[in-house]
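Notes for the structure review
Residues per chain, in single letters:
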Amino acid sequence: MRVLAAMSGGVDSAVAAALAVDAGHEVVGVHMALSRNRDQFRTGSRGCCSIEDAGDARRAADVLGIPYYVWDLSERFEDTVVADFLAEYEAGRTPNPCVRCNEHIKFEALLDKATALGFDAVATGHYARVVTRDVPDPSAPGGTRPVRELHRSPNTAKDQSYVLAVMGPERLARAIFPLGGFASKDEVRAEAARRGLSVSAKPDSYDICFVADGDTQGFLRERLGARPGEIVDAEGAVLGEHDGAYAFTVGQRKGLRIDRPAPDGRPRYVLDVQPARNRVVVGPAELLSVDRVEAGAAVWFDGARPAPGAWVDAEVQVRAHGAPVPARVRAVEGAPEGPAQGMEVALTGAPLRGVAAGQSVVVYDGTRVLGQATVDRAYRAAAAPTATGAG
């Protein structure tokens, strides 16, 4: 196959490209330039897709003996991932930019461009597995058809199936994850060192790639401006002031700038962000417990969507490295003028804490990813006063 290897400049994508070459594919490396600031450099382990990263990717491609190009996707990145990030926070929601980057950049813009250029697939350094199995084919009695499934990586500490779930079956059919069999990052680094790749000891990038200094609140304030407002408790009593409700997220404990402690001395957490009133509502931890979630823009993998109206037993995860919890899940048809379908989740074990609108909820059957949706509303297991505006 002709394979386009997405090379970020890190060790994971370099080894993934090397393994694609070993598999006999005709491989071309490409680095995605996502920053509009051409002078951007990494700050230790913060940031990615910088000039330094492009140079590291080129050196890795040279070692592997494959062609290498840089594609400028910075405008697309700004108009989709960054714009969504700002709009979601401004609306009082909590986005996951890595999910949106996979959706709009790596498995839309990059994959579509690769297909247009005649490539059969895109290989990335994500930690996830693709399993192909035969299932009965309704259109051919007695026959079968192959189904590609997305599964967790055996490297549970680095598993990225959560942020990949948004890609759906059509894009999964044209994706390769060569690191799917590695059980640890140390194994990947050892493989890179064995091949003479200089990135073998390069630090991992973390946090939000376009907020290289890690100051998310500062980034939001710079882009959205100061908007002073009130911090109130669940009964509506004013406890303090903020510079912008957009800088807070449900479940947040630190940086609340509250003038006086709670009467019982216990910590307060953000319960709700109300952008229309420019208010942040805080309260005790027990009011963060959630036992039901409604989500929209659902994506189901091939053969995984429940029958109309049917509940299925599964596990759900609402954070990239959060613990999966047991639940019952069903698909919900959307309104004609809205998203085609949604998802309803009823937790069957312990409630979740601090679920915020905008987060991704991913459904699993063991290691297999069944589907994904974006949280629209979370209903609290403990009844909350009406000041919170939540269920």
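The rules we used
- Residues numbered from 1 in each chain as written.
- Predicted model: local features only at pLDDT ≥ 70, side-chain atom pairs only at ≥ 80, totals over all residues.
- Heavy atoms only, no water.
- Helix = DSSP H or I, 4+ residues; strand = E, 2+ residues; numbered from the N terminus.
- Buried < 20%, exposed > 50% of the residue type's maximum accessible area, 1.4 Å probe, protein only.
- Lys, Arg positive; Asp, Glu negative; His and termini not counted.
- Salt bridge = Lys/Arg side-chain N within 4 Å of Asp/Glu carboxyl O.
- Polar contact = N/O pair within 3.5 Å; in protein donor to acceptor, adjacent residues only side chain to side chain.
- Pairing = 2+ DSSP bridges.
- Contact = heavy atoms within 4.5 Å.
- Axes fitted to C-alpha atoms, helices over the stretch in contact; angles between N-to-C directions.
- Parallel < 35°, antiparallel > 145°, perpendicular 65-115°, else oblique.
- Left-handed = near helix turned anticlockwise from the far one by under 90°.
- Nonpolar A, V, L, I, M, F, W, Y, C, P; charged D, E, K, R; others polar.

Quick look at the side chain of R380
- As for its position among the elements, R380 is in strand 18 (residues 368-380).
- Despite its burial, R380 pairs with no opposite charge; the closest candidate is D272, at 5.4 Å N-O.
- In this structure the side chain of R380 is engaged in a polar contact, spanning 2.4 Å, whose partner is the backbone oxygen of L271.

Considering the pattern of salt bridges
- Scanning the model with the defined rule gives 29 salt bridges in all.
- Close ionic contact of E26 with R2 constitutes a salt bridge, the shortest N to O distance being 3.5 Å. With E26 in strand 2 (residues 26-33) and R2 in strand 1 (residues 2-6), this residue pair connects regions lying 24 residues apart in the sequence.
- A cluster of three or more residues bridged by salt bridges with shared partners is formed by D12, K158, K185, R189 and D204.

Focus on the sheet that holds strand 1
- Read from one edge of the open sheet, five strands run 3-2-1-4-7, paired in parallel fashion. The open sheet has two edge strands with one neighbour each: strand 3 (68-72) and strand 7 (175-176).
- Two strands pair when backbone bridges link them, and strand 1 and strand 2 are joined in this way by five bridges, in the parallel orientation. Looking across to strand 2, one finds that L4 is bridged to V28.
- Packed onto the sheet, helix 2 (residues 51-64) meets strand 2 and strand 3 and runs at close to 155 degrees relative to strand 3.

A closer look at the environment of R189
- Relative to the elements of secondary structure, R189 occurs in helix 7 (residues 185-194).
- Distance in space between the C-alpha atoms of R189 and H242 is 44 Å, their sequence separation being 53 residues.
- Setting aside anything within four residues of it in sequence, one finds R189 in contact with V11, V199, S200, A201, K202, P203 and D204.
- Polar contacts involving the side chain of R189 include one to the side chain of D204, which spans 3.1 Å.

Observations regarding the sheet that holds strand 11 (residues 279-283)
- With mixed pairing, the four strands of this open sheet are ordered in space as 9-8-11-10. The open sheet terminates on both sides in strands that have one partner only, identified here as strand 9 (238-242) and strand 10 (269-274). Here the average twist between neighbouring strands, direction ignored, is 25 degrees.
- As defined by bridge partners, strand 8 (residues 229-232) adjoins strand 9 across four bridges and the pair is classed as antiparallel. Looking at the pairing, G229 lines up with H242 of strand 9.

Comments concerning the side chain of T80
- Among the structural elements, T80 can be located in helix 3 (residues 74-90).
- Here the side chain of T80 touches R76 through a polar contact of 2.6 Å, landing on its backbone oxygen.
- Residues contacting T80, with those up to four places away along its chain left out, are H104 and I105.

Re the packing of helix 3 against helix 4 (residues 97-116)
- Relative to each other, helix 3 and helix 4 sit at 155 degrees, their axes nearing to 9 Å. Considering the angle they form, helix 3 stands roughly antiparallel to helix 4. Considering only the axes of helix 3 and helix 4, their crossing is right-handed. Contacts between helix 3 and helix 4 involve R76, F77, T80, V81, D84 and F85 from the first element and P97, R100, C101, H104, I105, E108 and A109 from the second.
- Tallied by class, residues from the contact of helix 3 with helix 4 come to seven nonpolar, two polar and four charged.

Quick notes on the environment of Y69
- As for its position among the elements, Y69 is in strand 3.
- Y69 sits 40 residues away from G29 along the chain, and the two C-alpha atoms are 6.4 Å apart.
- Ignoring sequence-local partners within four residues, the contact set of Y69 consists of V28, G29, V30 and H31.

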